[in-house]
Amino acid sequence: MATKKQNQENAEFYFLLYMIPFIVLALVFGLYHYAKLKRQYLTGPHVRRVFDMGINGGAMFFSGFLACGYFAVAYFLYRYAPLSLVLTVPMSLVVLNWVGKLQASAFLGVVVDYQQGVVFFPPNDEALDIMDSLLIWPRIRQLTTMDTVLLTDVQKITREAGKRLFLHGDFGSRRISFTGKLKRDECIHLITTNGSRAKVMAELE
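As the structure is a prediction and not an experimental result, all values here were calculated from the model. (Residues numbered from 1 in each chain as written. Predicted model: local features only at pLDDT ≥ 70, side-chain atom pairs only at ≥ 80, totals over all residues. Heavy atoms only, no water.)

Quick look at the sheet that holds strand β4 (residues 147–150)
Piece 1. Overall, antiparallel pairing links the 4 strands, which are arranged β1-β2-β3-β4 in an open sheet. The sheet is open, and its two edges are formed by β1 (47–50) and β4, each paired on a single side. The mean inter-strand angle of the sheet, taken between neighbouring strand axes irrespective of direction, is 15°.
Piece 2. With 4 bridges joining them, β1 and strand β2 (residues 110–113) adopt antiparallel strand pairing. Bridging from a neighbouring strand, Arg49 pairs with Val111 of β2.
Piece 3. This element, helix α6 (residues 181–191), spans β1, β2 and β3 (118–121) of the sheet and lies at about 160° to β1. (Pairing = 2+ DSSP bridges. Helix = DSSP H or I, 4+ residues; strand = E, 2+ residues; numbered from the N terminus. Axes fitted to C-alpha atoms, helices over the stretch in contact; angles between N-to-C directions. Contact = heavy atoms within 4.5 Å.)

This is how it looks when you write it as structure tokens:
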């Protein structure tokens, strides 16, 4: 008769075995959505990009953690109610698609398109109004949609804590975060190039 410890080890093994195909699928979804973003945003010599590996790694960890939490719940539901697969398997595809979009937008980073006169960047809560910030779906959707600001609308840029910058204008304020000053200042340089009138303020630590 199997001991309690052996049963626990077997459960852990099957859980890891169960996770492998979903990890692979998450990578496939991520690559698919990144290819779409690349075709949409990274086209032509007039486009410049700021890529920050640290930000991408954080997004992958966050989305992977949420996905693992979902699949852990789905696995334990299956153990006690096998028919739950009817709901959890289709829902897992929705979760994987969302994870892929989140990872792809983080991997794309910040894109400055001088032909369109637009800066594209991963979204943050500053883009939501009061009503949307109180709802779940707008927040989920916002995490996988690139935010945009016209370069001519940027009136002021402030720097904070060595790794964040804030764009200010009639659109309100937008925050773009990096893992260090190098990438942050590279982004500021790209935004303020080509005749921009944006005023760069002294750094606020």
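What about the environment of Ala202?
Piece 1. The topology assignment puts Ala202 in the segment after β8 (199–200).
Piece 2. C-alpha of Ala202 to C-alpha of Ile157: the two residues are 45 residues apart in sequence and 9.1 Å apart in space.

Looking at the confidence of the model for the protein chain
Piece 1. Confidence in the prediction of the protein chain, expressed as mean pLDDT, is 78, and 75% of residues score 70 or more.
Piece 2. Highest mean pLDDT in the protein chain belongs to β2 (93); lowest belongs to helix α4 (residues 130–133) (52). (pLDDT = per-residue confidence, 0-100.)

Topic: the environment of Arg197
Piece 1. Turning to its location among the elements, Arg197 is positioned in the loop between α6 and β8.
Piece 2. When its relative accessible area of 83% is taken as the criterion, Arg197 is described as exposed.
Piece 3. In this structure, the C-alpha to C-alpha distance between Arg197 and Lys156, residues 41 residues apart in sequence, is 8.4 Å. (Buried < 20%, exposed > 50% of the residue type's maximum accessible area, 1.4 Å probe, protein only.)

Points about the nonpolar core
Piece 1. Core analysis: the largest hydrophobic core is formed by 18 residues, its most contacted members being Val119 and Leu167.
Piece 2. Elements represented by at least two residues in this core include exactly β2, β3, β6 (164–169) and α6.
Piece 3. Not counting chain neighbours up to four residues away, the residues in contact with Val119 comprise Val110, Val111, Val112, Asp147, Thr148, Val149, Leu151, Leu167 and Ile191.
Piece 4. Counting residues in hydrophobic clusters, the runner-up holds 10 residues, among them Val47, Leu108, Phe120 and Met146. (Core = buried A, V, L, I, M, F, W, Y, C linked by side-chain atoms within 4.5 Å.)

Quick look at the sheet that holds β6
Piece 1. In space, the 4 strands of this open sheet follow the order β7-β6-β5-β8, with mixed pairing throughout. With partners counted over all chains shown, the strands left at the sheet margins are β7 (172–177) and β8, one partner each.
Piece 2. The pairing of strand β5 (residues 156–160) with β6 spans 5 bridges and is classified as antiparallel. Counted as the bridge partner of Thr158 is Phe166 from β6.
Piece 3. Against the sheet, α6 engages β5, β6, β7 and β8, with an angle of about 175° to β5.

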